[in-house]
There are 2 protein chains.
Amino acid sequence: MSQQNRISMEHGAGGEFMQQLIGGIILKNISRRSAGTVGLDDLDDGSTISIPEEMGDDYEIVMTTDSHVVDPLFFPGGDIGRIAVCGTVNDLTVMGAKPLALTCAVIIPEGFEISSFEEIIKSMNLAAEEAEVAIITGDTKTIQGNKLDSMIINTTGVGVAPKVVRDNGLSPDDVIIVTGNLGDHGIALLSHREGFDFETKLVSDVAPVNGLLKAPLELRTEDGQPVICALKDPTRGGLASCINEMAQKSGVGIILEETDIPVNMAVSTACEMLGLNPLEIANEGKAVIGVRPEYAEQVLELLKSHKYGQNARIVGKAVSEHKGKVLLRTSIGSLRQLGMPVGDPIPRVC
Amino acid sequence: MSQQNRISMEHGAGGEFMQQLIGGIILKNISRRSAGTVGLDDLDDGSTISIPEEMGDDYEIVMTTDSHVVDPLFFPGGDIGRIAVCGTVNDLTVMGAKPLALTCAVIIPEGFEISSFEEIIKSMNLAAEEAEVAIITGDTKTIQGNKLDSMIINTTGVGVAPKVVRDNGLSPDDVIIVTGNLGDHGIALLSHREGFDFETKLVSDVAPVNGLLKAPLELRTEDGQPVICALKDPTRGGLASCINEMAQKSGVGIILEETDIPVNMAVSTACEMLGLNPLEIANEGKAVIGVRPEYAEQVLELLKSHKYGQNARIVGKAVSEHKGKVLLRTSIGSLRQLGMPVGDPIPRVC
Ligand SMILES: Nc1ncnc2c1ncn2[C@@H]1O[C@H](COP(=O)(O)OP(=O)(O)OP(=O)(O)O)[C@@H](O)[C@H]1O
Ligand SMILES: Nc1ncnc2c1ncn2[C@@H]1O[C@H](COP(=O)(O)OP(=O)(O)OP(=O)(O)O)[C@@H](O)[C@H]1O
Ligand SMILES: [Mg+2]
Ligand SMILES: [Mg+2]
Ligand SMILES: [Mg+2]
Ligand SMILES: [Mg+2]
Ligand SMILES: [Mg+2]
Ligand SMILES: [Mg+2]
């Protein structure tokens, strides 16, 4: 492949080469390029975001960021571009916010194939279209090829929330729902990376959850509060890390019914063989929901009617005892603690 | 140095190790941690930003992002932490926005010294304090030590602008001002990196320009428009890239008086020896301003009264001829084109 088909250091130098890369690959492939009066096409020092009128006066702006160092860049069910968009859309969503705009900051090693770069940008675009969020500004830096092994993407998102939903809002009796099978992303990525040959093909769950959670997030109790009282996405550290944080921050105990936690058979088999706990594995298209008990069934039904929520399950509830701890009730009825993981067993999954 | 003093892969794994790093190094050293009801201390999936009341109803939200891959991390006059904060504050400022909040997304190679990490976070904090901007959310990822040579920081900023100022707003007769000496950052970094031994010590100009530009940005013409009609920061590609973009986007010509362009003697000597053009070298604490001619002297005086504007100069003006081109008038009166640089002659300066 010729030099022209690869990234050179000049593509990150702020001159004509960089302009060509941005114009030829980025602007051309991104379809939602504006969220206000200054957008991606303007190639100014930044871009603007207008707050949609339907928000009225009583909202908050929400901001979140994630860098992505996933290895390899392409894997079954997705690629780094899809993760970069979905991860940030999901963090905005689990704050109760409607995602409005994302940034796209890429760091590319010299020698990287421009065709792969374009594929990744196209994938970001598809995910952004699905999530109905604009990509409005970005940055492009290059690093010498021997000093970085692979492309890195940071996306930062801004959204707007009529009511912010925290991860610390659980009270005793609140019901815990997970929106689908756990562990798919981490195990699919690991298997692909290490070349494991499981019988069933494992596929990442990477997806935006804002569509899935839109209707449940709009439900209100009689006194006008969101029926979803706590919300978090179980990414690095999996459900174990996520639910322990929710328990600690809310000051409640949580009891999970082990047999109700949805795990794909292929994932549980793979985990058993590899000595991993599926509850500690990263997900990229799931949410853990705390919901007021009277509304649990209604939320569950709403979730199940969406393509990303078909395996949603009620998995447990908050209790006033065991403050800050998470207990698993096993099939024979005994209780065992689900601890906060020390590290994630699988590096570079997101 | 023991293992405990260095970053391990687990510090980016979403579990207890990462929590300790964030709590022990980041939260402890950052003093402005909130810009709304949910802030850095809450360690939620994101944070919130409230729009200051003095903005009234007629504002726009501005967003910008930059990743920083500067090599080396520490250099005369600054470090990657200071650049990361100032660069994003400056992009918000040159959009006419008041910076409200920043994110801090770090990517750290395994083996990196935690004491250096802490120094960098402290430097981010000092710069954020100076710029009066909060750091409200972030992300921490690790990469195997043989796959990344150095730390990378992305900062994304959100600000609010009563009137957005673009880089395309020049009309004929508008006056061009630069806020100080050009080329200091790139040449200081290059000299330090390559071990050049110039007689005068070269120091980066990295600084937040929001304080410097506050008063000039508030000036209004009789019909209520900003007297600053175009604004950009001359980072990668230097003044040459910046002013060419302003000319092209505004559809005007620009004539710069070569002898009026402020360049530090040490920088021009170094550039001569190295065969570089100081006008193509990156700056990290400067702005290029287009101002309505009647207000040029007033803006200049305001700039000169600020510590970061003492060397501010009127360097030229926009003209109706030579559309999209920048011409330098030399000391003997001849005109010569200042072209858009192809690439930046010095890689990894920001
Ligand atoms: N990867 C990208 N995706 C989307 N837009 C990008 C990307 N890289 C750059 N851009 C856009 O191109 C324009 C120029 O980017 P550039 O990074 O040069 O601006 P800057 O931040 O003002 O300069 P510097 O990075 O030198 O500080 C900006 O409008 C930016 O939003
Ligand atoms: N470098 C950092 N600077 C400031 N805050 C940070 C930094 N790294 C993480 N944080 C904060 O720590 C908390 C946990 O971060 P984490 O990245 O685990 O959240 P997340 O994005 O929801 O998860 P994931 O990155 O796995 O998707 C967040 O509140 C985040 O803002
Ligand atoms: Mg800029
Ligand atoms: Mg995240
Ligand atoms: Mg940039
Ligand atoms: Mg999250
Ligand atoms: Mg910039
Ligand atoms: Mg994160």
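Residues numbered from 1 in each chain as written. Chains lettered and ligands numbered in written order. Predicted model: local features only at pLDDT ≥ 70, side-chain atom pairs only at ≥ 80, totals over all residues. Heavy atoms only, no water.

1. Re the UniProt feature "domain: PurM-like N-terminal" (unreviewed entry) in chain A
Moving on, step 1. The UniProt feature table records "domain: PurM-like N-terminal" (unreviewed entry) at residues 47-161 of chain A.
Moving on, step 2. Taken end to end, residues 47-161 of chain A has its terminal C-alpha atoms 20 Å apart, with 28% of it in helix and 42% in strand. (UniProt positions renumbered as here; feature names shortened; annotations may be inferred. Helix = DSSP H or I, 4+ residues; strand = E, 2+ residues; numbered from the N terminus.)

2. Points about the sheet that holds strand β6 (residues 134-143) of chain A
Moving on, step 1. Within the open sheet, the five strands sit side by side as β6(A)-β5(A)-β7(A)-β2(A)-β1(B). Their pairing is mixed. In the strand order of this sheet, the two ends are held by β6 of chain A together with β1 (47-49) of chain B, each with one partner. Neighbouring strand axes in the sheet, compared pairwise and without regard to direction, differ in orientation by 20° on average.
Moving on, step 2. Sheet analysis places strand β2 (residues 60-68) of chain A next to β1 of chain B, joined by three bridges and oriented antiparallel. Opposite Val-62 of chain A, over in β1 of chain B, you have Thr-48 of chain B as the bridge partner. (Pairing = 2+ DSSP bridges. Axes fitted to C-alpha atoms, helices over the stretch in contact; angles between N-to-C directions.)

3. Things to note about the pattern of salt bridges
Opposite charge on two side chains permits pairing when their charged atoms draw close.
Moving on, step 1. Going through the model one piece at a time under the given rule, you end up with 49 salt bridges over all chains.
Moving on, step 2. The salt bridge partner of Asp-66 of chain B is Lys-141 of chain A, with a shortest N-O separation of 3.7 Å. With Asp-66 of chain B in strand β2 (residues 60-68) and Lys-141 of chain A in strand β6, this residue pair bridges two chains. The same class applies to Asp-66 of chain B as to Lys-141 of chain A, namely buried.
Moving on, step 3. The closest approach of N and O atoms between Asp-149 of chain A and Arg-348 of chain A, which form a salt bridge, is 3.2 Å. Here Arg-348 of chain A lies in the segment after β14 (335-337) and Asp-149 of chain A lies in the loop between β6 and β7 (152-161), a separation of 199 residues in the sequence. (Salt bridge = Lys/Arg side-chain N within 4 Å of Asp/Glu carboxyl O. Buried < 20%, exposed > 50% of the residue type's maximum accessible area, 1.4 Å probe, protein only.)

4. Quick word on the site of ligand 1
Moving on, step 1. Close contacts around ligand 1 come from 18 residues, with Asp-44, Thr-137 and Thr-140 of chain A together with Thr-235 and Arg-236 of chain B the closest.
Moving on, step 2. More than one chain reaches ligand 1: the nearby residues come from chains A and B.
Moving on, step 3. Between Asp-44 of chain A and ligand 1, the recorded distance is 2.6 Å, taken from a backbone N or O atom to an oxygen atom.
Moving on, step 4. With respect to ligand 1, the side chain of Asp-45 of chain A contributes an N or O atom lying 3.2 Å from an oxygen atom.
Moving on, step 5. For ligand 1, whose free accessible area comes to 620 Å², the fraction covered by protein is 92%. (Near = heavy atom within 4 Å. Polar contact = N/O pair within 3.5 Å; in protein donor to acceptor, adjacent residues only side chain to side chain. Areas by Shrake-Rupley, 256 points an atom, 1.4 Å probe, with all protein chains shown as cover.)

5. Let's talk about the pairing of strand β8 (residues 175-178) of chain A
Residues and elements named next belong to chain A.
Moving on, step 1. Neither face of β8 is exposed, since Val-175 and Ile-177 on one face and Ile-176 and Val-178 on the opposite face are all buried.
Moving on, step 2. Here β8 pairs with strand β11 (residues 288-291) via four bridges, running antiparallel. Residue pairing for β11: Val-175 is matched across the bridge by Val-291.
Moving on, step 3. Judged from the four bridges that link them, β8 and strand β12 (residues 313-319) form a sheet pairing that is antiparallel.

6. Here we look at the packing of helix α2 (residues 80-93) of chain A against helix α5 (residues 210-218) of chain A
Residue and element names in this part refer to chain A.
Moving on, step 1. It is at 10 Å that the axes of α2 and α5 come closest, and there the two elements cross at 10°. In terms of their interaxial angle, α2 and α5 are classed as roughly parallel. Residues Val-89, Asn-90 and Thr-93 of α2 pack against Asn-210, Leu-213 and Leu-217 of α5.
Moving on, step 2. Taken together, the residues of the contact of α2 with α5 break down into three nonpolar, three polar and no charged. (Parallel < 35°, antiparallel > 145°, perpendicular 65-115°, else oblique. Contact = heavy atoms within 4.5 Å. Nonpolar A, V, L, I, M, F, W, Y, C, P; charged D, E, K, R; others polar.)

7. Topic: the sheet that holds strand β14 (residues 335-337) of chain B
Residue and element names in this part refer to chain B.
Moving on, step 1. Read across the open sheet, the seven strands follow the order β9-β11-β8-β12-β10-β13-β14; overall the sheet is mixed. The open sheet has two free edges, formed respectively by β9 (228-232) and β14, since each of these has just one partner strand. The mean inter-strand angle of the sheet, taken between neighbouring strand axes irrespective of direction, is 25°.
Moving on, step 2. Note that strand β10 (residues 253-257) and strand β13 (residues 326-329) share four bridges and pair parallel. Bridge pairing in β13 links Leu-256 to Leu-328.
Moving on, step 3. Across the face of the sheet, helix α8 (residues 296-304) comes into contact with β8 (175-178), β11 (288-291) and β12 (313-319) while running at roughly 5° to β8.

8. Looking at the nonpolar core
Moving on, step 1. The biggest cluster of nonpolar side chains holds 52 residues, and the ones touching the most others in it are Phe-117 and Ile-187 of chain A.
Moving on, step 2. Those elements giving two or more residues to this core turn out to be α1 (16-29), α2, β5 (98-109), α3 (114-131), α4 (184-194) and α7 (265-274) of chain A.
Moving on, step 3. Broken down by element, the residue count for this core peaks at eight residues, all from α3 of chain A.
Moving on, step 4. Beyond its immediate stretch of four places on either side in the chain, Ile-187 of chain A contacts Leu-202, Val-267, Ala-270, Cys-271, Leu-276, Ile-281 and Ile-346 of chain A.
Moving on, step 5. Ile-30, Leu-40, Cys-104 and Leu-190 of chain B belong to the second largest nonpolar core, which has 51 residues in total. (Core = buried A, V, L, I, M, F, W, Y, C linked by side-chain atoms within 4.5 Å.)

9. Considering the UniProt feature "domain: PurM-like C-terminal" (unreviewed entry) in chain A
Moving on, step 1. Within the UniProt annotation, "domain: PurM-like C-terminal" (unreviewed entry) is assigned to residues 172-327 of chain A.
Moving on, step 2. Strand forms 17% of residues 172-327 of chain A and helix 33%; the C-alpha atoms that close the span are 14 Å apart.

10. Focus: the coordination of the magnesium ion (ligand 7)
Residue and element names in this part refer to chain B.
Moving on, step 1. For the magnesium ion (ligand 7), the full set of protein donor atoms is Asp-66 (OD) and Asp-91 (OD), at a range of 2.1 Å.
Moving on, step 2. If you look at the magnesium ion (ligand 7) and the magnesium ion (ligand 3), they sit 3.8 Å from each other and are both ligated by Asp-91. Of this pair, Asp-66 sits in strand β2 while Asp-91 is found in helix α2 (residues 80-93), placing the two residues 25 residues apart along the sequence. You'll find Asp-66 and Asp-91 in the same group, each marked buried. (Donors = N, O, S within 2.8 Å, 3.2 Å for Na, K, Ca; no water.)

11. Some thoughts on a negative patch on the surface
Moving on, step 1. Taken together, the side chains of Asp-57 and Asp-58 of chain A together with Asp-57 and Asp-58 of chain B present a region of like negative charge at the surface.
Moving on, step 2. Position of Asp-58 of chain A relative to the elements: it lies in the loop between β1 (47-49) and β2. (Patch = residues over 30% accessible without salt bridge, like charges linked within 9 Å, V, L, I, M, F, W, Y side chains within 5 Å. Lys, Arg positive; Asp, Glu negative; His and termini not counted. Charge placed at Lys NZ, Arg CZ, Asp CG, Glu CD.)

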